[in-house]
Amino acid sequence: MGKGEAARMRQHLETEIARLSAVVGLTGRDVPTFDNRDGACPFISVGENGWLGYLALERGELCFQRSTRDPDELLYWAFDSATRELASRWVLKHPREGEDQRVTRWRRHATLLHTLHPAWAQRWRAELIKDLRDEDDHRLVPALPPPPLVLGPPEPPVEGVLLPVRPHRRWSWRH
């Protein structure tokens, strides 16, 4: 992958990130970015060698790094992280009486991911179950498909701006 192909890949990822962020209401610092903001904030890197990175730095030191050549894998990592943060803040404002806060957060996270791409929600759920040590916690993981996403009162439309919502599709930078 040369400079031109890397630029096309980045443009594709920027377009998909903007589209998917709009679908679930991610704004500002919640939107996955290519900018290193340090402070352990994850960001995306597109290498000329064909590798896509999802990494975070804290005071210039690498906190974590994942690499792939698959843009869909990279988008899954970025939106799993972004929707997890969004769900964590949402649950604080919308607690459910008598329900473990983790369950409420997991349900919202599953709903957000399912809205973006049902396979992402299925993958997240399987990974969550695998990571839970206590077998009793497995029964707390929400079933799929989740209820439809309700963001809140609709914002007034912006004149002349259309945000199409279309299903996520696999993309190949070679096409």
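Everything that follows concerns the structure shown earlier in this document.
The paragraphs below set out a description of the structure included in this document.

Cut-offs used in this document
Residues numbered from 1 in each chain as written. Predicted model: local features only at pLDDT ≥ 70, side-chain atom pairs only at ≥ 80, totals over all residues. Heavy atoms only, no water. Helix = DSSP H or I, 4+ residues; strand = E, 2+ residues; numbered from the N terminus. Buried < 20%, exposed > 50% of the residue type's maximum accessible area, 1.4 Å probe, protein only. Areas by Shrake-Rupley, 256 points an atom, 1.4 Å probe, with all protein chains shown as cover. Pairing = 2+ DSSP bridges. Axes fitted to C-alpha atoms, helices over the stretch in contact; angles between N-to-C directions. Contact = heavy atoms within 4.5 Å. Salt bridge = Lys/Arg side-chain N within 4 Å of Asp/Glu carboxyl O.

## Quick word on the overall build of the chain
Stage number 1. Counting secondary structure elements, the chain contains five helices and three strands.
Stage number 2. For the chain, the N- to C-terminal ordering of α and β elements is α-β-β-β-α-α-α-α.
Stage number 3. By the burial criterion, 37% of the 175 residues in the chain qualify as buried.
Stage number 4. Carbon together with sulfur atoms contributes 52% to the accessible area of the chain, which is approximately 10,800 Å² in total.

## So, the pairing of strand β2 (residues 52-58)
Stage number 1. For β2, a buried count of six out of seven residues is recorded, marking the element as mostly surrounded by other parts of the structure.
Stage number 2. Sheet topology places strand β1 (residues 43-46) next to β2; four bridges connect them, and they run antiparallel. In the strand pairing of β2, Ser45 is matched with Gly53.
Stage number 3. Pairing of β2 with strand β3 (residues 61-68), which is carried by seven bridges, proceeds in the antiparallel orientation. Its bridge partner lying in β3, Ala56 is registered against Phe64.
Stage number 4. Linkage of β2 to β3, two consecutive antiparallel strands, is achieved through a turn of two residues, within which Arg59 is found at a positive phi near 50 degrees.

## Examining the sheet that holds β1
Stage number 1. Strand order in this open sheet of three strands is β1-β2-β3, and the pairing throughout is antiparallel. The outermost strands of the open sheet, each flanked by one partner alone, are β1 and β3. Neighbour-to-neighbour, the strand axes of this sheet turn through a mean angle of 25 degrees, independent of strand direction.
Stage number 2. Where helix α1 (residues 3-24) meets the sheet, it contacts β1 and β2, and its direction lies at approximately 155 degrees from that of β1.
Stage number 3. Across the sheet, helix α2 (residues 71-93) is in contact with β1, β2 and β3; its angle to β2 comes to roughly 35 degrees.

## Some thoughts on the pattern of salt bridges
Stage number 1. A complete count under the given rule lists ten salt bridges for this structure.
Stage number 2. For the salt bridge of Arg123 with Glu73, the shortest nitrogen-to-oxygen distance reads 2.7 Å. Of this pair, Arg123 sits in helix α4 (residues 118-131) while Glu73 sits in helix α2, placing them 50 residues apart in sequence.

## Points about the side chain of Thr104
Stage number 1. With respect to the secondary-structure elements, Thr104 resides in helix α3 (residues 101-116).
Stage number 2. With relative accessibility at 3%, the residue Thr104 sits in the buried group.
Stage number 3. Among residues more than four places away in sequence, those in contact with Thr104 are Trp90, Val91, His94, Arg96 and Glu99.

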